[in-house]
Structures are given as structure tokens and as C-alpha cells.
Amino acid sequence: MIDHITLNVGNLEKSKLFYLSALAPLGLSAVQYLQNWTAIGKDNQPVLWFQQSTTTRPHLSLAFKAESQRQVDEFHTAAISAGGISHGKPENRQQESHSNRLSYSAFVLDPDGHIIEVFKPLE
């Protein structure tokens, strides 16, 4: 089971603002600040750490499970408003990584080019 993930980011302040806005619809918020580090999570538990770095490659792909299609839509809108670039508008898709199950998902590129997905599995 994964405890947390750390991303190297080129501009900590810009990334912090992007992720706090983009992931707010999922109930995630800032839970810890340290020099050159920020963590976001839920219930005061950090799950995603950002570290100021000069190296942001290779790019990562992160997926967050939503509780509703509305959260997927709100994530996409918030992420674009916060400076992200759409990498796939909200719509129904086959998830190859999950035995081709159907999901409602959206993708954005963060300020460093990491792919962020939010999805709601469809029954």
C-alpha cells in the first residue's frame, strides 16, 4: 500500500497553488509546510509531497479516485483555472490499467508536465 508520493517541482509556490486548487474538489488540502517542501492530504495525513528541485524529470502520472463525476468535472475546471493544461477533457473512457473498466475521467498537465488524472469508476 502506498503511504505517500513525492514530486520534484521547479517552482514550489506555483505547484502548491496549482495542486491546492486542482485537488480541492476531492477534499485535499495543505497539511504540512517545511522549508522547500509542502504536503497535501486529507484528515491531516500527507499523501502528496512537493519538493523544490532543479530536476523535474522523468514526468510522473498520478491518478486520484473521485467519489462522483461532478468531482471529476470540478477538478478539470479548477486545474485549468490554476494554470494546468488539459490533457483530456472529462468523459467516459476505458482504463487500460484497470482491465479496461469504464470510468469517467479527466487529465491535466501540471506546471512541470506531470500528468494528473481524476477518475470515477462506472458500474
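The structure under discussion appears in the preceding block.
Attention in this report is confined to the structure presented alongside it. Small disclaimer: the values here were computed from a predicted structure and weren't measured.

## As for the environment of Thr-6
Considering the arrangement of structural elements, one finds Thr-6 in strand 1 (residues 5-9). In this structure the C-alpha to C-alpha distance between Thr-6 and Gln-52, which are 46 residues apart in sequence, comes to 11 Å. The contacts of Thr-6, once residues within four sequence positions are left out, are Trp-37, Trp-49, Gln-51 and Leu-60.

## Focus: the pattern of salt bridges
As enumerated under the stated definition, the model contains 3 salt bridges in all. The shortest N-O distance in the salt bridge between Glu-13 and Lys-16 comes to 3.1 Å. Pair noted here: Glu-13 and Lys-16 are both in helix 1 (residues 12-23), with a separation of 3 residues, about one helical turn. A relative accessible area of 14% places Lys-16 in the buried class. For Arg-93, the salt bridge identified is with Glu-91, shortest N-O distance 3.6 Å. Note on Arg-93: relative accessible area 18%, which makes it buried. With a relative accessible area of 32%, Glu-91 lands in the partly exposed category.

## So, the layout of surface pockets
One number sums up the size of the largest pocket: a volume of about 450 Å³. Lining the largest pocket are 16 residues, and of these Leu-28, Val-47, Ala-63, Phe-64 and Lys-65 lie nearest its centre. Going through the elements one at a time, strand 4 (45-52) and strand 5 (61-65) are the ones with two or more residues in the lining of the largest pocket. Per element, the largest residue contribution to the lining of the largest pocket is 4 residues, and it comes from strand 5. Counted by class, the lining of the largest pocket contains 10 nonpolar, 2 polar and 4 charged residues.

Here is what the cut-offs are and how they apply
Starting from 1, residues in each chain are numbered consecutively following that chain's sequence as written. Given that this is a predicted model, residues contribute local features only at a pLDDT of at least 70 and side-chain atom pairs are listed and counted only at 80 or more, while totals for whole chains, interfaces and linings are drawn from all residues. With hydrogens and water excluded, all non-hydrogen atoms of the structure serve as input to the side-chain values. Counting from the N terminus, the helices are DSSP H or I runs at least four residues long and the strands are E runs at least two residues long. Between two residues, a contact is recorded if the distance between any of their heavy atoms is within 4.5 Å. A carboxyl oxygen of Asp or Glu within 4 Å of a side-chain nitrogen of Lys or Arg is what we treat as a salt bridge. The buried label goes to any residue with under 20% of its type's maximum accessible area, the exposed label to any with over 50%, and the partly exposed label to all in between, with areas taken from a 1.4 Å probe on protein chains only. Only protein atoms enter the calculation, which uses a 1 Å grid: trapped sets of points that fit a 1.4 Å probe without letting it out are cavities, open sets showing protein on both sides within 12 Å along at least five of seven lines are pockets, and any residue with an atom within 4 Å of a point is a lining residue. Grid points are joined across faces, edges and corners, and a volume is the space filled by probe spheres set on the points. Residues are grouped as follows: Ala, Val, Leu, Ile, Met, Phe, Trp, Tyr, Cys and Pro are nonpolar; Asp, Glu, Lys and Arg are charged; every other residue, Gly included, is polar.

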